[in-house]
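Survey of secondary and tertiary structure
The chain contents come next:
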Amino acid sequence: MEDDELEAMRAHLPLSFGKTSNVTPPSEAIHTATRRTDAGVSSDSSTNKPESGFPSLSSSSKSWLQSVRGPKRNPKSSLAPPSEDDDVSVGPPPPPPPTQEKEEDDDGVMVGPPPPPPKGSGNGNDSDDDEDMIGPPPPPPPHVDSDEDEDDVDDDEEENRYKIPLTNEIQLKGHTKIVSSLAVDNAGARVLSGSYDYTVRMYDFQGMNSRLQSFRQIEPSEGHQVRSLSWSPTSGQFLCVTGSAQAKIYDRDGLSLGEFMKGDMYIRDLKNTKGHICGLTYGEWHPKNKETILTSSEDGSLRIWDVNNFLSQTQVIKPKLARPGRIPVTTCAWDREGKRIAGGIGDGSIQIWSLKPGWGSRPDIYVGKAHTDDITSVKFSSDGRILLSRSFDGSLKVWDLRQMKEALKAFDGLLNYYPQTNVAFSPDEQIILTGTSVEKDSTTGGLLCFYDRTKLEIVQKVGISPTCSVVQCAWHPRLNQIFATSGDKSQGGTHVLYDPSRSERGACVCVARAPRKKSVDDYQPEPVIHNPHALPLFRDAPSRKRQREKTLKDPLKAHKPELPMSGPGHGGRVGTTGSSLLTQYLLKQGGMIKETWMDEDPREAILKYADVAVKDPKFIAPAYSQTQPETIFAKSDDEEEEGDAKK
């Protein structure tokens, strides 16, 4: 019976009664925190400045303001009260006059705000409907009479046509120097970033919360910068290229699977070596075959490797050189099908090889002096018709692979100070994007530049960082998000640009996931381990008090002044002797050894042994006793003076 009563009572209550549910903030509030202050710096922003005092206005809002502030309106009339003849009203109208009708409620007391008056209420003289409107009026339709308004509408339509996701931004931090390499897997779940701080950080969008922290950090080669990262076609492994001569392969979780062989540096012919002999510059996985990779090196060669054989490469490619010697290969790339290889050479030339039966090191396409400086990146289009190249000379060039004698277009003025600065395509390959470096006293900062592939003109420039250079960039096709790495000598990070209405997963997922609150059960005190007999290298550092007492006892470290000394000395120091025997020291202190030679006359000290030498000769004197002449000593000065006085 009691159960039936409880069920009946429960039926009158909501299902959520008695349950605590986590109140999640709406998605609009979450993405508002990551919204960029400016959607980007367009190419015409420097010339077309808004006339209004507002920083950014849409075309409709701008035309509305122009109609309000138009030349036909008298500016002094703003001080006068609005008349009924005005067609446009600015701001909310005054509240309507109170009605004379009585309330129908029996109590006569109204609870809460009064309902809005009906449209037909009021005095009979109120024929104008604008007086009964609540809130500000909607802006009038845009006027397209002037040429400026037409240009603004065209610009907005042009920008919306490309659909670049730039409204929101997050930054994946963690590196202490500039991020020089970037790789996003095909599914868009994991991001790899390599830096000049010798480390690779791994980010997982599915397991990451709004703190945006990496779940693993790797140091592939101690003391060598990370220069390139590349995922395999299946995203099960990735290639890591550092400044050393050996590339490494890691699995998806960051565990090392092996490193390739290093060649013999004393063999001059590079084809006879089993690996690179100098530092690597770039590396890329084959787009179709999961067992083939390509690397380039400063030793002047490109090599194709088999992942299953780390002991030797499968092919060595030596580029064509204008003069004999070793010129580094600064970058390399596969085409979409993996049938062609492009290489950027240190002399500014671009060389392309076709992988066909019997192919060798002779390039099929050779473009000498394509750039005036080292080439930092080359990129094939998916249709195999366009090749992009980026260089230290501050230019981005677009090449037609059917006619490589001259570039289709060269975009200049793109500063580049890093050898890993790349160039990339949008998912539909209608936009080309690349980053710029920051000059020493520049005010523009690091930019991400977008160019139209068909029109070969600039579309937009987006500011990424005011003080850091932009090195690597990528536009992921599945996520529809743009990745850009930046940094300087003291910091580095990866910026992710996205649009909540157009982008999917990726940054949209991790931003909305709040970090887990710490519980009492999560507290784990750090264990204190005492090992008094450990080696000095592993011994705990002594306390400051004990270390200070030990230093005070050491006269050298404490800089204790020497005490004053008296008496005879030795070696230029007073009060010291040349002997360090303990017995002599004790005899001196006891008075058994007296040093009186300092108070005696040297001549008298020698002559006192004259009688002993005559009576008991030793050593040499007995041998010459028969033939030795009589010894005659000189008289003292006093006797000579007395003799002279007598004379």
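This text goes with the structure placed above it.
A quick note: this is a predicted structure, and the numbers were derived from the prediction, not measured.

Moving on: the overall build of the protein chain. Counting its secondary structure elements, the protein chain contains eleven helices and 31 strands. Sorting the 647 residues of the protein chain into buried and exposed places 34% on the buried side. For the protein chain, restricting intrachain contacts to residue pairs at least 6 apart in sequence, the fraction spanning at least 24 positions comes to 51%. For the protein chain, the computed accessible surface area is about 42,800 Å², with 52% contributed by carbon and sulfur atoms.

Quick look at the packing of aromatic side chains now. In the structure shown here, the tally under the stated rule is eight aromatic pairs. Their ring planes at 45 degrees and their centres at 4.7 Å tell us that Phe-260 and Trp-305 sit as a pair that is tilted. Separated by 45 residues along the polypeptide, Phe-260 in the loop between β10 (256-259) and β11 (280-285) and Trp-305 in strand β13 (residues 302-306) bring together distant segments of the chain. Residue classification places Trp-305 among the buried positions, given a relative accessible area of 2%. Between Phe-411 and Tyr-451 the ring centres are 4.2 Å apart and the planes differ by 35 degrees, which places this aromatic pair in the tilted class. Taken as a pair, Phe-411 in strand β22 (residues 409-411) and Tyr-451 in strand β25 (residues 446-452) lie far apart in primary sequence, 40 residues in all. Here the aromatic residues Trp-231, Phe-238 and Tyr-250 are joined through ring pairs into a cluster of three or more. Looking at Lys-320, its charged tip hangs above the ring of Tyr-366, at a distance of 4.7 Å from the centre.

Moving on to unusual backbone geometry. The backbone phi angle of Leu-212 is positive, close to 60 degrees, even though this residue is not glycine. The phi dihedral of Lys-369 is positive, around 55 degrees, even though this residue is not glycine. Among the secondary structure elements, Lys-369 is positioned in the loop between β18 (365-367) and β19 (375-380). Lys-369 gets classed as exposed once you look at its relative accessible area, which sits at 74%.

Before going further, it helps to examine the nonpolar core. Ranked by internal contacts, the top residues of the largest apolar core, which has 18 residues, are Ile-170, Val-191, Phe-205, Met-208, Phe-483 and Cys-510. Contributions of two or more residues to this core are made by β2 (168-175), β3 (179-184), β29 (492-498) and α5 (507-511). Looking at which element gives the most residues to this core, the answer is α5, with four residues. If near-sequence neighbours (up to four positions away) are discounted, Cys-510 is found in contact with Ile-170, Phe-205, Met-208, Asn-209, Ser-210 and Leu-212.

What follows covers a positive patch on the surface. A contiguous patch of positive charge, built from Arg-539, Arg-546, Lys-550 and Lys-557, is present on the exposed surface. As for its placement among the helices and strands, Lys-550 is situated in helix α6 (residues 544-553).

The next subject is the sheet that holds strand β16 (residues 340-345). Reading across from one edge, β15-β16-β17-β18 is the order of the four strands in this open sheet, with antiparallel pairing throughout. The open sheet has two free edges, formed respectively by β15 (329-334) and β18, since each of these has just one partner strand. Going from strand to strand, the sheet's axes swing by 15 degrees on average, the running direction of each strand aside. With five bridges connecting them, β15 and β16 associate as antiparallel partners. Bridge pairing in β16 links Ala-333 to Ala-342.

For strand β28 (residues 481-487), the buried fraction is high: seven of the seven residues fall into the buried class. Neither face of β28 is open: one carries Gln-481, Phe-483, Thr-485 and Gly-487, the other Ile-482, Ala-484 and Ser-486, and all of them are buried. Sheet topology places strand β27 (residues 469-476) next to β28; six bridges connect them, and they run antiparallel. Opposite Ala-474, over in β28, you have Phe-483 as the bridge partner.

One can find Arg-390 in strand β20 (residues 386-391). Despite its burial, Arg-390 pairs with no opposite charge, the nearest such side chain being Asp-393 at 5.9 Å. Here Leu-414 takes part through its backbone oxygen, which lies 3.3 Å from a polar atom of the side chain of Arg-390.

In space, the four strands of this open sheet follow the order β3-β4-β5-β6, with antiparallel pairing throughout. What marks the edges here is a single partner per strand, and that holds for β3 and β6 (216-218). Pairwise comparison of adjacent strand axes, ignoring direction, gives a mean angle of 20 degrees for this sheet. Direction of pairing for β3 relative to strand β4 (residues 190-195): antiparallel, over a ladder of five bridges. Residue pairing in the sheet places Val-179 in a bridge with Ser-195 of β4.

Quick look at a negative patch on the surface now. Where like charges cluster on the molecular surface, the negative patch consists of Asp-599, Glu-600, Asp-601 and Glu-604. Looking at the secondary structure, you find Glu-600 in the loop between α8 (582-590) and α9 (602-607).

Note that side chains of opposite charge can pair when their charged atoms are close. All chains considered together, the criterion is met by 13 salt bridges. Note that Arg-303 is salt-bridged to Asp-299, the shortest N-O span being 4.0 Å. An identical accessibility class is assigned to Arg-303 and Asp-299; each is buried. Between Arg-402 and Asp-400 there is a salt bridge, and its shortest N-O distance comes to 3.3 Å. Within the structure, one salt-bridge network assembled from shared partners comprises Arg-190, Asp-204 and Asp-253.

Criteria and cut-off values
- Residues numbered from 1 in each chain as written.
- Predicted model: local features only at pLDDT ≥ 70, side-chain atom pairs only at ≥ 80, totals over all residues.
- Heavy atoms only, no water.
- Helix = DSSP H or I, 4+ residues; strand = E, 2+ residues; numbered from the N terminus.
- Buried < 20%, exposed > 50% of the residue type's maximum accessible area, 1.4 Å probe, protein only.
- Contact = heavy atoms within 4.5 Å.
- Areas by Shrake-Rupley, 256 points an atom, 1.4 Å probe, with all protein chains shown as cover.
- Phe/Tyr/Trp six-rings, centres within 6.5 Å; stacked < 30°, edge-to-face > 60°.
- Lys NZ or Arg CZ within 6 Å of the ring centre and 35° of its normal.
- Core = buried A, V, L, I, M, F, W, Y, C linked by side-chain atoms within 4.5 Å.
- Patch = residues over 30% accessible without salt bridge, like charges linked within 9 Å, V, L, I, M, F, W, Y side chains within 5 Å.
- Salt bridge = Lys/Arg side-chain N within 4 Å of Asp/Glu carboxyl O.
- Lys, Arg positive; Asp, Glu negative; His and termini not counted.
- Charge placed at Lys NZ, Arg CZ, Asp CG, Glu CD.
- Pairing = 2+ DSSP bridges.
- Axes fitted to C-alpha atoms, helices over the stretch in contact; angles between N-to-C directions.
- Polar contact = N/O pair within 3.5 Å; in protein donor to acceptor, adjacent residues only side chain to side chain.

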